[in-house]
Amino acid sequence: MSYIRAQFVQRDETGRIVKGSAAICEAVYSRKPGRKSHSTQRQVERLGKVLWLSEDGKSGVFLSKTRGLVEYNAVENQFFEVSSDDPRLAGHDLFPSPGAHTVFGDAYLLLSFMRESGIAGIMREVFPRDTDLQRFLCHSLHSILKEGARITCDLFVGKSALSYVVGGIPQSSLRTDTAFFTMMGDDKVKTAFFRAWIRHMRKTHPGFGRGCYVDSTPLPNEAADNPFNALCSHGVGHVAVQTRLVLVLDEATGLPVWFTLIPGNLLDISTIRGVAKDIEATLDIEMSSVVLDAGYVTKDLVRQYGIGTAKTMIARMPAKNGFPHKALYAAVKGMVGNGKYSFVRNSHKYFGHRKKITLFGTEIWAYIYVDKYNAVVNSTKWITEHPEEYEKLTMAEKTWMEVSFGYFVLISNIEMTPAQMLDCYFGRTEIESVIKTAKEYVNLLPLCKWNATTISGKITLDIIDLIVYLLLRKKAKGEKKSITELLGAAQSLMCTRDNKGVITIETPNKQVREMAKTMGCKIPAYIKTADLERLALGKM
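On a predicted model such as this, the values are computed, not experimentally measured, just so you know.

K.L.:
Outline the sheet that holds strand β7 (residues 102-103), listing residues and values.
P.N.:
Taken together, 4 strands build an open sheet; the order of strands is β7-β18-β19-β20 and the sheet is antiparallel. The sheet terminates laterally at β7 and β20 (526-528), the two strands that pair on one side only. The pairing of β7 with strand β18 (residues 494-497) spans 2 bridges and is classified as antiparallel. The partner of Thr-102 across the bridge, within β18, is Cys-495. Lying on the sheet, helix α18 (residues 529-536) is in contact with β18, β19 (502-505) and β20; it crosses β20 at an angle near 80 degrees.

K.L.:
So, α18: which residues are in play, and what are the values?
P.N.:
Those residues of α18 lying buried are Thr-529, Leu-532, Leu-535 and Ala-536. Projected onto a plane normal to the axis of α18, the buried residues spread over an arc of 120 degrees and lie on a single side. If you follow the buried residues of α18, they end up packed against α1 (105-116), α3 (130-145), β18, β19 and β20. Following α18 by one or two positions, Gly-538 has its phi on the positive side, about 70 degrees.

K.L.:
Can you explain the pairing of strand β12 (residues 289-292)? Please cite residues and give values.
P.N.:
With burial as the criterion, each face of β12 is covered, one bearing Ser-289 and Val-291 and the other bearing Val-290 and Leu-292. The sheet contact formed by β12 and strand β13 (residues 312-316) spans 4 bridges and is parallel. Opposite Ser-289, over in β13, you have Thr-312 as the bridge partner.

K.L.:
Report on the packing of aromatic side chains, specifying residues and quantitative values.
P.N.:
Tallying each qualifying case throughout the model produces 17 aromatic pairs. Look at Phe-104 and Tyr-108: their rings are 4.9 Å apart centre to centre, the planes differ by 20 degrees, and that puts the pair in the stacked class. Tyr-108 matches Phe-104 in its accessibility class, with the two residues each being buried. Through a chain of ring-to-ring contacts, three or more aromatic side chains come together here, namely Phe-193, Phe-194, Trp-197, Phe-208, Trp-258 and Phe-259. Note that Arg-88 overlies the ring of Trp-52, its terminal NZ or CZ placed 4.9 Å from the centroid. The aromatic ring of Phe-259 is capped on one face by Lys-190, whose charged end is 4.2 Å from the ring centroid.

K.L.:
Please give an account of the nonpolar core that cites residues and values.
P.N.:
Generally speaking, nonpolar side chains in soluble globular proteins are found buried as a group. Membership of the largest hydrophobic core comes to 138 residues, with the highest contact counts inside it found for Met-123, Phe-136, Leu-137, Leu-141 and Trp-197. For Leu-137, the contacting residues outside a window of four places in its chain are Leu-111, Met-114, His-142, Leu-162, Ala-536 and Leu-537.

K.L.:
Can you break down the pattern of salt bridges residue by residue, with the values?
P.N.:
Counted according to the given criterion, the structure contains 15 salt bridges. Residue Glu-415 is joined to Arg-354 by a salt bridge in which the shortest nitrogen-to-oxygen separation is 3.4 Å. Of the two residues, Glu-415 is situated in the loop between β17 (407-412) and α13 (418-426) and Arg-354 in strand β15 (residues 348-359); the sequence distance between them amounts to 61 residues. Judged by relative accessible area, Glu-415 falls into the exposed class, the value being 52%. Salt bridges linked by common partners bring Glu-71, Asp-86 and Arg-88 together as one network.

K.L.:
Let's hear about the packing of helix α10 (residues 372-385) against helix α12 (residues 395-404): which residues, and what values?
P.N.:
The packing of two helices is summarised by the inter-axis angle and the distance between the axes. Closest axis-to-axis distance for the α10/α12 pair is 7 Å, and the angle between their directions is 130 degrees. Between α10 and α12, the angle is such that the two are oblique. Contact with α10, carried on its side by Ala-375, Ser-379, Trp-382 and Ile-383, involves Met-401, Glu-402 and Val-403 of α12 and no other residues of that element. Residue classes in the contact of α10 with α12 are distributed as 5 nonpolar, 1 polar and 1 charged.

K.L.:
Which residues make up unusual backbone geometry, and what are the values?
P.N.:
Phi is positive for Phe-8, close to 55 degrees, though the residue is something other than glycine. Relative to the helices and strands, Phe-8 resides in strand β1 (residues 2-11). One non-glycine residue, Phe-360, adopts positive backbone phi at about 55 degrees. Note that Phe-360 resides in the loop between β15 and β16 (362-371).

Rules used throughout
- Residues numbered from 1 in each chain as written.
- Predicted model: local features only at pLDDT ≥ 70, side-chain atom pairs only at ≥ 80, totals over all residues.
- Heavy atoms only, no water.
- Pairing = 2+ DSSP bridges.
- Helix = DSSP H or I, 4+ residues; strand = E, 2+ residues; numbered from the N terminus.
- Contact = heavy atoms within 4.5 Å.
- Axes fitted to C-alpha atoms, helices over the stretch in contact; angles between N-to-C directions.
- Buried < 20%, exposed > 50% of the residue type's maximum accessible area, 1.4 Å probe, protein only.
- Arc of directions from axis to C-beta.
- Phe/Tyr/Trp six-rings, centres within 6.5 Å; stacked < 30°, edge-to-face > 60°.
- Lys NZ or Arg CZ within 6 Å of the ring centre and 35° of its normal.
- Core = buried A, V, L, I, M, F, W, Y, C linked by side-chain atoms within 4.5 Å.
- Salt bridge = Lys/Arg side-chain N within 4 Å of Asp/Glu carboxyl O.
- Parallel < 35°, antiparallel > 145°, perpendicular 65-115°, else oblique.
- Nonpolar A, V, L, I, M, F, W, Y, C, P; charged D, E, K, R; others polar.

Here it is in structure tokens:
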């Protein structure tokens, strides 16, 4: 049977506990020789700081580092929520009033944008319970608004007007918040978000999610007990323990549709099949087209997407055994200098030729390219840096060197001009931009949670934040502003709150007013705390 073991408990003259810690323990029967007792004590879980204990010591209220503010009853062996106005917490000052002078502008603009973009309504659907949504907002706004600053979530919220509307959450519990990331790691939360997100996007983009880019990125880490970890060198240039994030983006908008985590050493057609099945079963979406990197291209993939297949595929041909990568150049090298096959894209001049080939018994189109700019610049650089090695090359090898730095082949079951195909393929660079944004601006790394559930929870939060950030970036780009300009300038706008719950906002300068207009809102002279809470919780 479990029991509460309290240590170093001290009380003041009123009987209120001012010091002490506790843990859940249980007596375990043991028959080891030499023991005077047939039982030993085993710690099940640390409860953290003791705030209140019943007279019999069988229940209490604790401030846990992993669960936050909770009540534990040893007789029932259950945890219970504790409200901020619980009389047992009197005098502990767990919910301090926010500072008199608090940052208002950035949180208000972002909350207003989340309402206007529909994200607030989606999150209200995902988290119908206010306390869960409040915790999400704390972590989400911290991730998006901290702009690279090394400030923890609890300190960020304490300095923000967001603290006015999340008073039911002990600020100290936000630093690690294992309970929150465990909740976010539940597949039900991930599925509920993406279903609501896709329904929302299809109001304006009916085909959202049917044509997709798919790519993955390594997440090197030292997270303990992470079943996704494996030794791999793909994407990092050296062998490292890593998890891989597979990201699916909508072809038309460049916005995430789904993600999954896989072991770091797994990267092949089975990944694509697994992702496609996940999306079809979970979101009722059938991916009708994919654009893939060479790492996904295998014999099975080619056979699955031959000419005449209903679903379409564009992929880069790998330079490995079984693929006629270099041999295709030999078949067209006499055409490379012919202006008939040249076109210009993004200030680069390309040779391009389409050729029907049979690959692994399957008919497919091969699109053969030479980026003449990269070929000349990079071959010249290599020859300059390796003159002795160049002199040792055969004539055929020197001829190949002239084009090898700009040569590549795409394969597809779609027939179009080489210029059109290249435009379609280069659209996948959008996913590279999205992954870079996730890593640089939305706290995707470092991956430092402790188990598979919390790691999945962190990535789920990160992808939701990434969607908000990408929507913000589209808004900012339309107004020729950067996100730093949009939100950074607003951090200077402060506010105060009186004892009646009225928040008075400083007079915004011209720059802040312009930012607010860009975000589709106005900075009020004052706002009631209840109204700010309704805005934050998607109730207005």
